[in-house]
Amino acid sequence: MGNLQPHIRCAEEDAALYAILPGDPMRTERIKEFLTDAKDIAFNREMKSVSGYYKGVKVMAVSTGMGGPSTAITIEELANIGVKAMIRIGSCGALKSGIKLGDLVIVNGAVRDDGASKAYVETTYPSIPDTELLFDVIEAAKEQGFPYHVGMGRSHDCLYGETKEGLNEYWGSKGVLGSDMETATLFVVGALRGVKTASILNNVVEVEGNLMDEINSYVDGASAVAEGEKREILAALEAFVKLDQQNK
């Protein structure tokens, strides 16, 4: 197989120009439901990959696992086999009131509180999505009638260990809408490798909510966040269709 990658176990013949990057490997199975001619490619470590077609456009879905380091590996290896645009679909916790469970947070820039992006380049380097792809995602969400919010996110490395009092309130007061663990790495590594990137996050914790209770509800398949997951998948797929049409 041409240029077989050591971690994602995909090669050039498996590649599509466009890839959706969920964190959870099992989410690739739910993405497959939206595709025609869907097929499994590989499953190694936390990286599970599938491919198929949406409205005639070939796409991949490759899980990154949790956090920046494994996300960076996935981005690097997908870029090596020719993927040109990547959209993260993941979950976040809201830092501002008014963002409901299942609402989409479309990130237009991320605070780099992660370690992986800092290992690539100094922190004065911005963590921003590709402008064209960001606009395509916003337009897709708008056309589908999905509830969405556009604004800053914050990426960090420690889901349960952030115990500094008032941390979420601090970032919320600075205009940050939600927090995750991968977006900053995606934006930075993607930009450095010439890959178009965007990030769509499904809110699974309201700002007034309890982290453990809301995460348990998410795992149990609460209807609001389950619907949010479907929305982010469709928004990403529709954005890729728009990008593909623009590239022709």
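None of these values were measured; they are calculated from a predicted model. (Residues numbered from 1 in each chain as written. Predicted model: local features only at pLDDT ≥ 70, side-chain atom pairs only at ≥ 80, totals over all residues. Heavy atoms only, no water.)

### Structural notes on helix H4 (residues 131-144)
Think of an α-helix as 3.6 residues a turn; residues three or four steps apart then line up on the same face.
Okay, so step 1: Taking 1.5 Å per residue as the helical rise, H4 with its 14 residues ought to reach 20 Å, and the 20 Å between its terminal C-alpha atoms agrees with that figure.
Okay, so step 2: When H4 is considered as a whole, its buried residues turn out to be Leu133, Leu134, Asp136, Val137, Ile138, Ala140 and Ala141.
Okay, so step 3: Those residues of H4 that are buried lie in contact with strand E5 (85-94), strand E6 (104-113), strand E7 (148-156), strand E9 (196-205) and helix H8 (223-247).
Okay, so step 4: Following H4 by one or two positions, Gly145 has its phi on the positive side, about 75°. (Helix = DSSP H or I, 4+ residues; strand = E, 2+ residues; numbered from the N terminus. Expected span 1.5 Å × (residues − 1). Buried < 20%, exposed > 50% of the residue type's maximum accessible area, 1.4 Å probe, protein only. Contact = heavy atoms within 4.5 Å.)

### So, the environment of Tyr18
Okay, so step 1: Its place among the elements puts Tyr18 in strand E1 (residues 18-22).
Okay, so step 2: On the accessibility criterion, Tyr18 (3% relative accessible area) is buried.
Okay, so step 3: With 226 residues separating them in the primary sequence, Tyr18 and Asp244 have C-alpha atoms 8.9 Å apart.
Okay, so step 4: Setting aside its immediate chain neighbours within four residues, Tyr18 contacts Val57, Lys58, Val59, Met60, Val83, Ala85, Phe240, Leu243, Asp244 and Asn247.

### Some details on unusual backbone geometry
Okay, so step 1: Phi is positive for Arg45, close to 55°, though the residue is something other than glycine.
Okay, so step 2: Residue position: Arg45 is located in the loop between strand E2 (36-44) and strand E3 (47-54).
Okay, so step 3: Residue classification places Arg45 among the exposed residues on the basis of a relative accessible area of 65%.
Okay, so step 4: Backbone geometry at Lys55 places phi at a positive 50°, although glycine is not the residue there.
Okay, so step 5: On the secondary structure map, Lys55 appears in the loop between E3 and strand E4 (57-62).

### Notes on the packing of H4 against H8
Okay, so step 1: Relative to each other, H4 and H8 sit at 125°, their axes nearing to 8 Å. As far as their axial angle goes, H8 and H4 are oblique. For the pair H4 and H8, the crossing hand works out as right-handed. Seen from H4, the contacting residues are Glu132, Leu133, Asp136, Val137, Glu139, Ala140, Glu143 and Gln144; seen from H8, they are Ala235, Glu238, Ala239, Phe240, Lys242, Leu243 and Gln246. (Axes fitted to C-alpha atoms, helices over the stretch in contact; angles between N-to-C directions. Parallel < 35°, antiparallel > 145°, perpendicular 65-115°, else oblique. Left-handed = near helix turned anticlockwise from the far one by under 90°.)

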